[in-house]
Amino acid sequence: MNMKKTVSNFIMYFVLIVVSVTMIVPFLWMFLTAFKTVSETMQVDPFVIVPKVWQVQNFSNVIKAMDFVRLYANTIGMIVLRILFAVLTASLSGYAFARLNFKGKNVMFGLVLFQMMIPVQIFIIPQYVMVSNLHLTNSIMGLVFPGIVSAFGTFLLRQAFMQLPKDLEEAARLDGCNIPQTFMYIMAPLTRSAMVALGIFTAVFAYKDLMWPMIVCPDNRATTLASALAKMNGQYQQKYPELMMAALISCVPMIILYIIFQKQFIEGIATSGGKL
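Residues numbered from 1 in each chain as written. Predicted model: local features only at pLDDT ≥ 70, side-chain atom pairs only at ≥ 80, totals over all residues. Heavy atoms only, no water.

So, about the nonpolar core. By size, the foremost hydrophobic cluster in this structure holds 31 residues, and its most contacted members are V62, M66, F68 and M245. Every residue in contact with V62, bar those within four places of it in the chain, is listed here: F68, E242, M245, A246 and I249. Listed in part, the 17 residues of the second largest apolar core include V87, A160, A188 and A197. (Core = buried A, V, L, I, M, F, W, Y, C linked by side-chain atoms within 4.5 Å. Buried < 20%, exposed > 50% of the residue type's maximum accessible area, 1.4 Å probe, protein only. Contact = heavy atoms within 4.5 Å.)

Across the interface, helix α8 (residues 151–162) lies against helix α11 (residues 192–207) with an axial gap of 10 Å and an inter-helix angle of 165°. The angle between α8 and α11 places the two elements in the roughly antiparallel class. In this structure, the crossing between α8 and α11 has a hand that is right-handed. On the side of α8, the interface is formed by F152, G153, L156, L157 and A160, while α11 contributes A194, M195, A197, L198 and F201. A class-by-class count of the residues in the contact of α8 with α11 yields nine nonpolar, one polar and no charged. (Axes fitted to C-alpha atoms, helices over the stretch in contact; angles between N-to-C directions. Helix = DSSP H or I, 4+ residues; strand = E, 2+ residues; numbered from the N terminus. Parallel < 35°, antiparallel > 145°, perpendicular 65-115°, else oblique. Left-handed = near helix turned anticlockwise from the far one by under 90°. Nonpolar A, V, L, I, M, F, W, Y, C, P; charged D, E, K, R; others polar.)

Structure follows, in structure tokens:
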């Protein structure tokens, strides 16, 4: 029995180590490439892994070429607003679908699920037309627009509210609470872990969103980190060290966010049962 357990533990740890190395190697490669010369990144024989001379000037070149203060401000502003809107709208709609009875509820929730099955690229043209008509192009609100309502968030919060016992609502009703008061003071605080999970997912998806910022904010003044990195690619020549240095600097906000909210990050994913 002990031998069987030892073998299963060995296989589990081996798989975890392989997966961990697979995830760490691209980040390590990006870090090392950021301090190489252009010739070292192109060199095949001999293959250069560690830079012979660490090129610190790549950092200064990228800082001069890109306005990271503005890019950070645009990206963080977009992420914060998307989180606020997504959590607010998803919690309200999720509570309505889970705990209230109204005409057409099942049909409407079916439409929400149907929207989750459709590729997001299909909505780009109508979303852009709406943003353009509202004169929100090249603005933070234009970046935030697709994330104001989250179908995934509505589904996630609905499931969280459905797991709560009905006795809570009945007790609140006996104490004189109406529906908004029951939601705000009783039900919403009990689904905080699901809201944190939704906030984490929203932040990650918003941070790595590339297509929408490039479409709605062609002006570099309102662009985000992801789209700014994409625009660094030259038509005929690639400066991989500077590109990797810019990517390394762009990773800083999410690394800091993970360090600060590491506990909530793990709890949120474990509670939701979701995957990134």
